[in-house]
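Summary of the model geometry
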Amino acid sequence: MTTILKLGGSVITDKDRAETLDDAALEAAAEAIGNALARGQAADLVVVHGGGSFGHVNASDHGVSTTQGSHDVAALHDIHGAMKALNGFVLSRLLAADVPAVPVHPLSAGARTGDGSLELNAAAVTTFLGEGFVPVLHGDVIAHEGAGVTIVSGDEIVTDLATALEADRIGLCSTVPGVLDGEDAVIERIDDYGAVESVLGASDSTDVTGGMAAKVRALLGLEASASIFGPEALEAFLAGERPGTTIG
Ligand code: IPE
């Protein structure tokens with residue numbers, strides 16, 4: 001039973017203050033994961049985290065997005081360095097919660113072809129899983145044929161790995177308790193993008209990778225269904241429940 005969990009960047013960082021961790025939220029998430037593993041839940045777990053106030057600002061400063069590339073090696077190191085710094089914090093909190101977390105940096109594990117499609121080598125992830133580790137990936141810069149480097153979002157890594165690993169469960173832990181309708185109530189199920197398109201607004205902080213609409217669209221394309229939920233529901237998700245919004 002393979003579970004892929006994304007910790008949204010805005011959950012684990014203060015998205016409105018440059019390179020600032022939300023340490024209480026990160027520690028709570030790490031603890032929820034540690035508790036679940038200690039109870040024998042979520043046995044084959046992959047964690048992916050976003051950037052929040054790490055990475056997005058660097059990317060937009062350098063004019064780099066998922067489609068807009070750069071050949072500037074300093075820009076590459078600036079964006080990757082910010083994401084690696086955040087990854088270091090995530091790893092340290094997970095390790096403190098007894099989660100056998102190991103980093104897998106997308107920069108060195110894949111590339112985009114000229115048409116922008118992502119080719120991620122999942123060998124490290126599958127082998128780490130098989131050996132009892134918890135691979136931890138993150139949004140990153142990635143080599144892009146003909147464009148230098150572009151951004152790969154955590155969401156894109158989640159959807160790519162979900163297919164490659166034939167994941168059974170996919171969870172996106174976000175700052176909101178699910179996908180919200182026009183009255184801010186959680187939509188329980190989404191099977192069709194057209195039905196929710198009008199209520200899916202764009203994220204208000206600097207987000208170079210697309211917000212809720214892009215998330216929902218990508219998740220609808222997957223074999224397994226996915227859950228979008230808030231931090232308070234992380235434990236329930238890891239215990240096998242389907243909190244928040246179920247997609248697909
Ligand atoms: C951001 O990853 C990656 C970079 C900007 C380098 P995500 O797009 O997955 O981050 P969040 O979760 O939306 O913050």
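What comes next concerns the included structure.

Reading guide: rules and limits
- Residues numbered from 1 in each chain as written.
- Predicted model: local features only at pLDDT ≥ 70, side-chain atom pairs only at ≥ 80, totals over all residues.
- Heavy atoms only, no water.
- Core = buried A, V, L, I, M, F, W, Y, C linked by side-chain atoms within 4.5 Å.
- Buried < 20%, exposed > 50% of the residue type's maximum accessible area, 1.4 Å probe, protein only.
- Helix = DSSP H or I, 4+ residues; strand = E, 2+ residues; numbered from the N terminus.
- Salt bridge = Lys/Arg side-chain N within 4 Å of Asp/Glu carboxyl O.
- Pairing = 2+ DSSP bridges.
- Axes fitted to C-alpha atoms, helices over the stretch in contact; angles between N-to-C directions.

Focus: the nonpolar core
By size, the foremost hydrophobic cluster in this structure holds 36 residues, and its most contacted members are Ile-4, Val-46, Leu-161, Ile-170, Val-179 and Val-216. At the level of elements, β2 (44-49), β5 (118-120), α5 (123-130), α6 (154-164), β9 (169-173), α7 (211-220) and β11 (226-229) are the ones that each hand at least two residues to this core. Among the nonpolar cores identified, the runner-up in size contains 30 residues, and Ala-29, Leu-86, Val-134 and Val-136 belong to it.

Focus on α6
Every buried residue of α6 is listed here: Gly-154, Asp-155, Ile-157, Val-158, Thr-159, Leu-161 and Ala-162. Glu-166, located one to two residues past α6, shows a positive phi value of around 50°.

Here's the deal with unusual backbone geometry
Working note: non-glycine residues mostly have negative phi, and peptide bonds are mostly trans. A positive phi angle is found at Ala-42, which is not glycine, with a value near 50°. Inspection of the secondary structure assignment puts Ala-42 in the loop between α2 (23-38) and β2. For Ala-42, a relative accessible area of 12% translates into the label buried. Look at Glu-166: it is not a glycine, yet its phi comes out positive at around 50°. Tracing the backbone shows Glu-166 in the loop between α6 and β9.

Regarding the pattern of salt bridges
As enumerated under the stated definition, the model contains eight salt bridges in all. Among the salt bridges present, the one from Arg-93 reaches Glu-27, with a minimum N-O distance of 3.8 Å. Of this pair, Arg-93 sits in helix α4 (residues 73-96) while Glu-27 sits in helix α2, and the two are 66 residues apart along the sequence. A relative accessible area of 19% places Arg-93 in the buried class. Judged by its relative accessible area of 42%, Glu-27 is partly exposed. In this structure, Arg-112 engages Glu-156 in a salt bridge whose closest nitrogen and oxygen atoms are separated by 2.6 Å. Within this pair, whereas Arg-112 is found in strand β4 (residues 110-112), its partner Glu-156 is found in helix α6, the two being separated by 44 residues in sequence. Connected via shared salt-bridge partners are Lys-6, Asp-155 and Lys-215.

Here we look at the pairing of β2
Among the six residues of β2, five are classified as buried, and the element is accordingly described as predominantly covered. Pairing geometry for strand β1 (residues 2-7) and β2, over six bridges, is parallel. By the bridge assignment for β2, Leu-5 is matched with Val-47. As judged from the three bridges shared by β2 and strand β6 (residues 134-138), these two strands associate in the parallel manner. When the bridges of β6 are listed, Val-47 appears paired with Val-136.

Here we look at the sheet that holds β4
With mixed pairing, the four strands of this open sheet are ordered in space as β5-β4-β7-β8. Of all the strands in the sheet, the pair left with one neighbour each is β5 and β8 (148-152). Averaged over all pairs of adjacent strands, the angle between their axes in this sheet comes to 40°, without regard to strand direction. Pairing of β4 with strand β7 (residues 140-144), which is carried by two bridges, proceeds in the parallel orientation. Its bridge partner being in β7, Ala-111 is matched across the sheet by Ala-143.

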